[in-house]
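# Chain and residue survey
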Amino acid sequence: MLFSRPCAYGKWIPIFSVSNGVKQGGVLSPVLFCVYFDGLIHMLIDAGYGCYIGHVFAGVVAYADDVVLLAPSASAMRMMLALCDEFATEFSVSFQC
């Protein structure tokens, strides 16, 4: 089990346990994120709702712990967000905007 004790505004916050996620700044954290989110990225690619550059799908960009969705219309974005919601429910992921 991991524990964290962050400092905010010069004051230490009480220790709390961290039950999920990857270590902030950890060398393997970006790799582990990519492995975990590979399923979502493939779901989005297979659905094909996002933007394209020529024939290349460019509807999802992921780096470290960030995911960006690019859609040509509001309805396409809603479809992509629905897939993200489905993934989040299945794998207990919470997205923050």
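Our structure is the block above this text.
Residues numbered from 1 in each chain as written. Predicted model: local features only at pLDDT ≥ 70, side-chain atom pairs only at ≥ 80, totals over all residues. Heavy atoms only, no water.

## Observations regarding the pairing of strand E7 (residues 60-63)
Pairing of E7 with strand E8 (residues 66-69) involves 4 bridges; the strand directions are antiparallel. The residue bridging Tyr-63 from the neighbouring strand is Asp-66, located in E8. Counting the residues in the hairpin turn of E7 and E8 gives 2 residues, including Ala-64, whose phi is positive at 50°. (Pairing = 2+ DSSP bridges. Helix = DSSP H or I, 4+ residues; strand = E, 2+ residues; numbered from the N terminus.)

## Focus on the packing of helix H1 (residues 29-47) against helix H2 (residues 74-91)
Across the interface, H1 lies against H2 with an axial gap of 10 Å and an inter-helix angle of 150°. Comparing the axis directions of H1 and H2 gives the class roughly antiparallel. The handedness of the crossing between H1 and H2 is right-handed. Counting all contacts with H1, which are made through Tyr-36, Phe-37, Gly-39, Leu-40, Met-43, Leu-44 and Ala-47, the residues of H2 involved are Met-80, Leu-83, Cys-84, Glu-86, Phe-87 and Phe-91. (Axes fitted to C-alpha atoms, helices over the stretch in contact; angles between N-to-C directions. Parallel < 35°, antiparallel > 145°, perpendicular 65-115°, else oblique. Left-handed = near helix turned anticlockwise from the far one by under 90°. Contact = heavy atoms within 4.5 Å.)

Structural measurements only, silent on function.
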